[in-house]
Every structure is written in structure tokens, then in C-alpha cells.
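Each chain is listed here by its residues.
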Amino acid sequence: MTTLTGYAVSHWGDDPWARGSWSLIGRDGTPDDRSALGAPIGTRLRLAGEATHPARAGMTHGAYEQGVAAAVWAAGLGHARVGVVGAGIAGLAAARALSARGVDVQVWEARDRPGGRTTGAEIGGTGFDLGANWLQQYDENVLARLAEKLSLRTVPTDFHDPLVLTGAVPGFAPDAIEAELRARLQAAPVGSSIADVLDEWLRDPGPWDPRAIRRFVDAEIVMDSGAPLSWLSARYGFEPGVGEGDRWIVGGYRLLVDHLAEGVDVRLGHPVSRILTDAGGVTLLGETGSLRADAVIVTVPVGVLAADGIEFDPPLPATHRTALSHLGMGRVEKVILRFGTRFWPSHPAGYFRVHGPADTCISEWLDATPADGRPTLVGLFAGDWLDDLWAGPDATIAARAAAVITRAVATPA
Ligand SMILES: Cc1cc2nc3c(=O)[nH]c(=O)nc-3n(C[C@H](O)[C@H](O)[C@H](O)COP(=O)(O)OP(=O)(O)OC[C@H]3O[C@@H](n4cnc5c(N)ncnc54)[C@H](O)[C@@H]3O)c2cc1C
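Residue positions are given per chain, counted from 1 along the sequence in the order it is written. Whole-chain, interface and lining totals are the exception, using all residues; otherwise, since this is a predicted model, local features are given only for residues with pLDDT of at least 70 and side-chain atom pairs are given and counted only at 80 or more. The basis for every side-chain value is the complete set of heavy atoms in the structure, and neither hydrogens nor water enter the calculation.

What to know about the sheet that holds strand S3 (residues 45-47)
Item 1. Within the open sheet, the five strands sit side by side as S3-S16-S4-S5-S12. Their pairing is parallel. The open sheet is flanked by S3 and strand S12 (266-267), the only strands paired with a single partner.
Item 2. Paired strands are those between which DSSP finds at least two bridges. Put simply, DSSP H or I for four residues or longer makes a helix, DSSP E for two residues or longer makes a strand, and each gets a number counted from the N terminus. The sheet contact formed by strand S4 (residues 81-85) and strand S16 (residues 295-298) spans four bridges and is parallel. Directly across from Gly83, in S16, lies its bridge partner Val296.

Quick word on the site of the ligand
Item 1. The cutoff for a nearby residue is simple: one of its non-hydrogen atoms must lie within 4 Å of the molecule or strand. Not every one of the 41 residues close to the ligand is listed here, only the nearest: Thr60, Glu109, Arg117, Trp134 and Gln136.
Item 2. Here Arg111 contributes a side-chain N or O atom positioned 2.9 Å from an oxygen atom of the ligand.
Item 3. Each accessible area is a Shrake-Rupley estimate made with a 1.4 Å probe; only the visible protein chains count as cover when residues are assessed. Here the ligand has 1000 Å² of accessible area as a free molecule, and 98% of this is covered by the chains.
Item 4. Of all the secondary-structure elements, those providing two or more residues to the shell around the ligand are helix H2 (60-76) and helix H3 (89-100).
Item 5. Grouping the constituent residues of the shell around the ligand by class yields 22 nonpolar, 14 polar and five charged. Any pair of nitrogen or oxygen atoms within 3.5 Å is treated as a polar contact; in protein, a donor-acceptor pairing is required on top of that, and neighbouring residues in sequence qualify only through side-chain atoms on both sides. In this classification, Asp, Glu, Lys and Arg are treated as charged, Ala, Val, Leu, Ile, Met, Phe, Trp, Tyr, Cys and Pro as nonpolar, and every other residue, Gly included, as polar.

Some words on the packing of aromatic side chains
Item 1. By convention, a stacked pair of Phe, Tyr or Trp rings (six-membered ring in the case of Trp) has centres within 6.5 Å and planes under 30 degrees apart, an edge-to-face pair has planes over 60 apart, and any other such pair is tilted. Taken as a whole and judged by the stated rule, the model has eleven aromatic pairs.
Item 2. Consider the rings of Phe339 and Trp344, whose centres lie 5.7 Å apart with planes at 65°: the pair is edge-to-face.
Item 3. Given the relative accessible area of 2%, Phe339 is considered buried.
Item 4. Assessed through its relative accessible area of 4%, Trp344 is described here as buried.
Item 5. With a centroid separation of 5.5 Å and 45° between ring planes, the pair formed by Phe381 and Trp385 is classed as tilted.
Item 6. Relative accessible area serves as the criterion here: at 0%, Phe381 is assigned to the buried category. Think of it in three bands: residues with accessible area under 20% of the maximum for their type are buried, residues over 50% are exposed, and the middle band is partly exposed, with areas taken using a 1.4 Å probe on protein chains only.

Regarding the UniProt feature "domain: Amine oxidase" (unreviewed entry) in the protein chain
Item 1. UniProt positions are given in the numbering used here, feature names are shortened, and annotations may be inferred rather than shown by experiment. The UniProt record annotates "domain: Amine oxidase" (unreviewed entry) at residues 7-71 and 243-401.
Item 2. Between the end C-alpha atoms of residues 7-71 the distance is 38 Å, and the span holds 31% helix and 14% strand.
Item 3. Spanning residues 243-401, this segment combines 21% helix with 36% strand, and its end C-alpha atoms are found 25 Å apart.

Observations concerning the domain arrangement of the protein chain
Item 1. Domain boundaries assigned for the protein chain yield domain 1 (4-15 + 128-159 + 241-250 + 330-410), domain 2 (23-117 + 255-329) and domain 3 (169-225).
Item 2. Domain delimitation follows an automatic or database domain assignment. Here domain 1 and domain 2 have C-alpha centroids that lie 28 Å from each other.
Item 3. Every residue pair with non-hydrogen atoms within 4.5 Å of one another is taken to be in contact. Contact with domain 1, which involves 20 residues of that partner, is made by 18 residues of domain 2.
Item 4. Two parts placed together each lose some accessible area; with a 1.4 Å probe, that loss summed over both constitutes the buried area. Both sides of the domain 1 and domain 2 interface together cover about 1500 Å² of buried area, and 66% of this is carbon and sulfur.
Item 5. What counts as a salt bridge is simple: a side-chain nitrogen of Lys or Arg found within 4 Å of a carboxyl oxygen of Asp or Glu. Linking domain 1 with domain 2 are two salt bridges, by the criterion used here.
Item 6. Residue Arg56 pairs with Glu140 through a salt bridge whose shortest N-O separation is 2.7 Å.
Item 7. Where domain 1 touches domain 2, the interface holds five residue pairs in polar contact (both at pLDDT 80 or more).
Item 8. The leading source of residues in the side of domain 1 that touches domain 2 is helix H4 (residues 142-149), at four residues.

Rendered as C-alpha cells:
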């Protein structure tokens, strides 16, 4: 096998400060749950973060916009001192927007670094991403504008035209399958799952090739959610975002995060375990002490909220708890692999897809070689095989991942 000269592996599934990759709408939910979760709780407390964006959830620019919206709300109420929980994109955006409005702000972050679900690793001196990778919906992405302002180099990925290395279905017509699937999903009653709709379609596929339907669902829904199809909402579980001019940042999201964190009072290693709201203000409590503020903006992922990672006193209102119960987190893991020699083909999309060994087992691969000219792939993994693949030490996981792509390139089908 081609020699692996460097690697890094993500662990979003068992990360206590993430508890998954990004938020999704479950079978009982609607986008209104996202708005309900982000609605102010009185005049002193508000949840922000990607999950609260009704239209741009699961993405960094959605997180940014929600952070700013919460900051505008808090500053508009005249609060002079605001606490922010979480120094991901939403928390940093909130803190900057508050500071710009003359508000005194302190951010409490559980990890020893800012950035949250944007993080990466340096391989051979170049930064690559293990969390968010692309600036999605590029034309209307506020972070894309920031990347341009900072003169960061970005590289486009054409998600509509990846090279399918294994599991290609002859005559595969994704646009036609997507149109039919979306029509079926929209017609499904609230409360039904994507699996319900898919199973019914596959029982009576008519002129459609069942293998092509499965391939489409694996590539567009399993890969883009990392959640069980039986949990995902039929109507709302297939959210937009990917394939709208996406570009990845050479050097990684860290370059944006470093800029956003500059000058912000972020207290790293400060996990918040309790938030106490009373008539006079809000107190954040954690193992490192306490912070008293006029108002608090909480940007932790829904996985953390659902696992009661923070105790709210008084408890979150029923509307927020109901909304939370309708949302969840999927699991997509990533691996960065650097090889001694390049063994994969060039393809204009800069992106490869590998189906199998079974349905719902999928990996996709970004050719990250343009970052510094050395042979590097970033693999994204989702589906039923993750529990087996992501077991043991990182070196073992990286070797397994390398075997998947090496085999796929050697024996395309
Ligand atoms: C593998 C992967 C790939 C992705 N790909 C993309 C992509 O290509 N493009 C894209 O736009 N988005 C992508 N995303 C999603 C994107 O990373 C997130 O939507 C976005 O970063 C969320 O920002 P946030 O500020 O809402 O939350 P987070 O980044 O999760 O920030 C919340 C912060 O709160 C902290 N925290 C948690 N609990 C506590 C506590 N108790 N006390 C104090 N702090 C706490 C966390 O440590 C974290 O720093 C990807 C995510 C993953 C995991």
C-alpha cells in the first residue's frame, strides 16, 4: 500500500463539547423548532448557534448570523455586560458584535482552543480541517466575504460532479432522482421519516433503478447528515446547503477563527455547568468559578443541551425543550491523510465518492493536494460502518481509512 506519511482523525461522535457533527431535524420537527430554540427567554437569556438558524443551520455562516442576531438583541435591550457561552463561530461573532456596540463581554469556552466545530490539524506545516471545511452558499456567505477581505486562498469543489470510484450505477441521473425524491418527501405527513418514504418507494420503484435511488440517498442524505434515515424528518431532514458554490480554505478555517478571536476576551478551559437567571441578571457557574452578567448568550451545540450538559435554573421553557426534543445531531467523521506518493487520478471536481461495502456505508474524499502541493486527501465518513471503522487508536483508524481509498482507486467499479 502507498505509504502514509501523516494523518489526523476527528472524534465528533464522542466529543463531550459537540456530541455530534451538526444539527438536524428529526421526524417530529420542522424548521420552526429552530426558530423556537433561538427565541429570547425573557430579556436576559438567549440560545444562539447554528441549530437556531431556520434556513442556514448546520453551517458556519448560519452560526455567525445567529451570533450577531443574539448580540444585536442583547445590546438593543441596553445590557452593559454580557456573558457568552462557547467560543465557536456563533460565540465569537456574538462577542465581536457586542464589543462593537460598546458592550463589555466575556466568553467562557470549555475547550483549550476557540473555534468549536471548526478545527483542524497541521500536517507538514499546512493546516487542514477536521471540522467545517467549506464556505457553503458562497455568494451569500458572510464568512466568505471575510475570507476575501483577509485575502485567504480558497479552492472550489464541484459537489455535483464528483468522480465515483466505487458503486457507480450506469445511467445514474441524480437530478431526476432528486426531483422525484423531493416530491415524495414533501408529500409525506409530518411525523414520517426519510426511511418511511424511501422504503415505500423501493417497494414499488416503477421505472426507477433501486440501486440508483440508494446511491443518491447515501451520497446526498447519509453523507450530508450522518443520521439514521429512520430518525430524519421526511419533510425537513434533507436541508439545503451543499453544492452552492462551495469553496475550501487553504490553511483551514483556523485562519478565520484566529481573526475572529483577536481582541475577544475568551476564557479557555472554562466549561459552564449551570446558568442561573434571576430578576437582576444571570450567573454562569463552572468549575473555574462564576461570572455575573446582565444577560447571557448560549451557543453550545444542541447535542450538549440535549444531554443536559448545562443545568438551567429556572429550567428552559417548555417551548424550548419541545424544540430541542425535535432536533438532534448526526455523526460525520473526518480523516486527513498525507501520502508519500499520489496514487489517485486528477479530476476537475477535486472530489471522489466511494460507496460500500454495504448500503449506507459511504465515504467522500477531498483532494487537498492544492494546499501545499503534497499528496493529501481529506476523507469524510458517514453511515452504519462508523462504529467499526472509528474504533481503536488514531493510527489504526487512519490506516483503515487509507485502505478504503487505496482499494477504491485500485479497483474502480
Ligand atoms: C465534520 C464536520 C464537517 C463540517 N463541515 C462543514 C462545512 O464544510 N461547512 C460549514 O459551513 N459547516 C460545516 N460543519 C458545521 C459547522 O462546523 C458548524 O455548523 C459550526 O461550526 C457551528 O458553530 P457554533 O458556534 O454554532 O457551534 P460550535 O462550533 O460547536 O461552538 C460551540 C462552542 O461551545 C463550547 N461548549 C460546549 N459546551 C460548553 C460548556 N458547557 N461550557 C462552555 N463551552 C461549551 C464548545 O467547545 C464550542 O467551542 C461541519 C461540522 C463538522 C463536525
